[in-house]
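Survey of secondary and tertiary structure
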Amino acid sequence: MSRFFNKKYINLDPYTPGEQPKDMEYIKLNTNESPFDTPPKASELAALEAYKLRLYSDPEMRDLKDVASRYFGVDKDELIFTNGSDEALYMAVMAFCDEGCGAAFPDITYSFYPVICNMNCVEYEQIPLKDDLTIDIEDYYNLKKTIFIANPNAPTGIALKKSEIEEIVKYNPNNVVIVDEAYVDFGTESSLSLTKKYDNVLVVQTFSKSRGLAGGRLGFAIGNKELIKDLNTLRNSFNPYNVNRMTLAAGIGALMDDEYVEANCAKIIKTRNEMRDELKKLGFKMTDSKANFIFARHPDAKGEYLYKELKNRGILVRHFNSAGIEDYVRITIGTNEQMAALLKELSDIL
Ligand SMILES: *Cc1c(COP(=O)(O)O)cnc(C)c1O
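Okay, so let's go over this structure. (Residues numbered from 1 in each chain as written. Predicted model: local features only at pLDDT ≥ 70, side-chain atom pairs only at ≥ 80, totals over all residues. Heavy atoms only, no water.)

Observations concerning the nonpolar core
- Phe-72, Phe-81, Leu-133, Tyr-140, Ile-149, Ile-168 and Phe-207 are the most contacted members of the largest nonpolar core, which totals 50 residues.
- Sort the elements by how many residues they give to this core and helix α8 (residues 245-256) lands first, with 6 residues.
- Apart from residues lying up to four places away in sequence, Tyr-140 is in contact with Phe-105, Pro-106, Ile-127, Ile-135, Ile-147, Ile-149, Ile-168 and Asn-172.
- Of all hydrophobic cores here, the second largest spans 31 residues; its members include Leu-279, Leu-306, Val-317 and Met-339. (Core = buried A, V, L, I, M, F, W, Y, C linked by side-chain atoms within 4.5 Å. Buried < 20%, exposed > 50% of the residue type's maximum accessible area, 1.4 Å probe, protein only. Helix = DSSP H or I, 4+ residues; strand = E, 2+ residues; numbered from the N terminus. Contact = heavy atoms within 4.5 Å.)

What follows is the structure in structure tokens.
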């Protein structure tokens, strides 16, 4: 640390992204990327923009908003695009949490939430999951805090129903409820329609997982237009060109390639269900994941051991050293070939 570093940040404990080692070719099942090619139209449109990088991107993102507002059935002023959905989550903390109103989220969830709260000096409450790693929605009634719910949750993959999200929204009429739907396209009902009915719900989604654009960095939030206006005020105060030209075009392409994206999601869901059966045969216990990953533990092998052994054999999975989930590994659903390789190594290890 330099002697100039702002005192308010000296105790920051930054988010740890999944590792990207370069010492050999790994089968990467640790960051929930799509195992399939980028949607072809996305690559094609982005490539054309690569020749126009001399020019700033459109700060109002009109072309992408035109396509997306039709696609999601919302008005353009109910929608904001961000540099990955992490940026939307960050701006939501900035916009809707302050000294009077902290944040609340489950104790086991996306580990970025506590980081962005700390970064903004926002206090947060971590609400314990039940023993089976599910959320008790009544724990979220009348909290008087800004609520962050990943649905499906990460890294458990367990989803709430839209009606359950609606209860949380209804019971917190004077606070914003942020529903982080990073994995919604793998079989969970979206809460998008709630944004028409309630002025206190913000749905955040990403192109990183189901749409195969993790490296493009494109996320978005949908909500009541006043909420979106607040987020735009912040965006225009620190980075009005937050999404670059190539990524704006890639976003349009990914929405045009809808059939390709949907077919890939269907493949992931199918492989996920098959993998559950195979892992069960090997003795694994799993949560009911509705995401593009499986969250599994084995009674005879610790999570860290499985992670290390798999890494030695060229397969990366994610292990979290946090209370309550140390025994688990999170395995991204890959191609059938990748899954076959994983199963072979796992049965060997066990
Ligand atoms: C991956 C992920 C995100 C953010 O992804 P971006 O790449 O920043 O869009 C947000 N929330 C959860 C729960 C995630 O797993």
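Description of the sheet that holds strand β4 (residues 124-127)
- With mixed pairing, 7 strands are arranged side by side in an open sheet as β2-β8-β7-β6-β5-β3-β4. Each end of this open sheet is capped by a strand with a single partner; those strands are β2 (79-82) and β4. With direction set aside, neighbouring strand axes in the sheet form an average angle of 20°.
- Inspection of the sheet shows strand β7 (residues 201-206) paired to strand β8 (residues 219-223) by 5 bridges, in the antiparallel sense. Along β8, the bridge assignment pairs Val-204 with Ala-221.
- The strands that helix α3 (residues 85-96) touches are β2, β5 (146-150), β6 (177-180), β7 and β8; relative to β7, the one it contacts most, it runs at about 155°. (Pairing = 2+ DSSP bridges. Axes fitted to C-alpha atoms, helices over the stretch in contact; angles between N-to-C directions.)

Thoughts on the packing of α3 against helix α7 (residues 225-238)
- The geometry of α3 relative to α7 is characterised by a closest axis approach of 10 Å and an angle of 105° between their N-to-C directions. Put simply, α3 runs roughly perpendicular to α7. Residues Glu-87, Met-91, Ala-92, Met-94, Ala-95 and Phe-96 of α3 lie in contact with α7, whose contacting residues are Leu-227, Asp-230, Leu-231, Leu-234, Arg-235 and Phe-238.
- Split by residue class, the contact of α3 with α7 holds 9 nonpolar, no polar and 3 charged. (Parallel < 35°, antiparallel > 145°, perpendicular 65-115°, else oblique. Nonpolar A, V, L, I, M, F, W, Y, C, P; charged D, E, K, R; others polar.)

Quick notes on the site of the ligand
- As a matter of local geometry, the ligand sits amid 13 residues, with Asp-180, Tyr-183, Thr-206, Ser-208 and Lys-209 nearest to it.
- Between the ligand and Ser-85, the relevant distance is 2.6 Å, taken from an oxygen atom to a main-chain nitrogen or oxygen of the residue.
- When the free accessible area of the ligand is taken as 380 Å², the share hidden by the protein chains comes to 92%.
- In terms of residue count, α3 provides more of the shell around the ligand than any other element does, 3 residues in total.
- Here the residues of the shell around the ligand are counted per class, giving 5 nonpolar, 4 polar and 4 charged. (Near = heavy atom within 4 Å. Polar contact = N/O pair within 3.5 Å; in protein donor to acceptor, adjacent residues only side chain to side chain. Areas by Shrake-Rupley, 256 points an atom, 1.4 Å probe, with all protein chains shown as cover.)

What to know about the sheet that holds strand β12 (residues 328-332)
- One open sheet holds the 3 strands; their spatial order is β9-β10-β12, and the pairing between them is antiparallel. In the strand order of this sheet, the two ends are held by β9 (285-286) and β12, each with one partner.
- Alignment of β9 against strand β10 (residues 293-297), held across 2 bridges, turns out to be antiparallel. The residue of β10 that forms the bridge with Lys-285 is Arg-297.
- Strand contacts of helix α9 (residues 258-281): β9 and β10, with the helix running at about 15° to β10, the strand carrying the most contacts.

Details of a nonpolar patch on the surface
- There is a patch of nonpolar side chains on the surface, built from Met-1, Phe-5 and Ile-10 and spanning about 340 Å² of accessible area.
- Structurally, Ile-10 is set in the segment before β1 (27-28).
- Classification of Ile-10 by relative accessible area gives partly exposed; the value is 37%. (Patch = residues over 30% accessible without salt bridge, like charges linked within 9 Å, V, L, I, M, F, W, Y side chains within 5 Å. Salt bridge = Lys/Arg side-chain N within 4 Å of Asp/Glu carboxyl O.)

Re the pattern of salt bridges
- Counted under the stated rule, the structure contains 21 salt bridges.
- The shortest N-O distance in the salt bridge between Glu-278 and Lys-281 comes to 3.2 Å. Note that Glu-278 and Lys-281 are positioned in helix α9 at a spacing of 3 residues, about one turn of the helix.
- Note on Lys-281: relative accessible area 66%, which makes it exposed.
- With its nearest N and O atoms 3.4 Å apart, the salt bridge here joins Glu-304 to Lys-308. Residue Glu-304 and its partner Lys-308 are located together in helix α10 (residues 303-312), separated by 4 residues, close to a single helical turn.
- In the salt-bridge network here, residues are joined through shared partners; they are Glu-309, Arg-313, Lys-344, Glu-345 and Asp-348.

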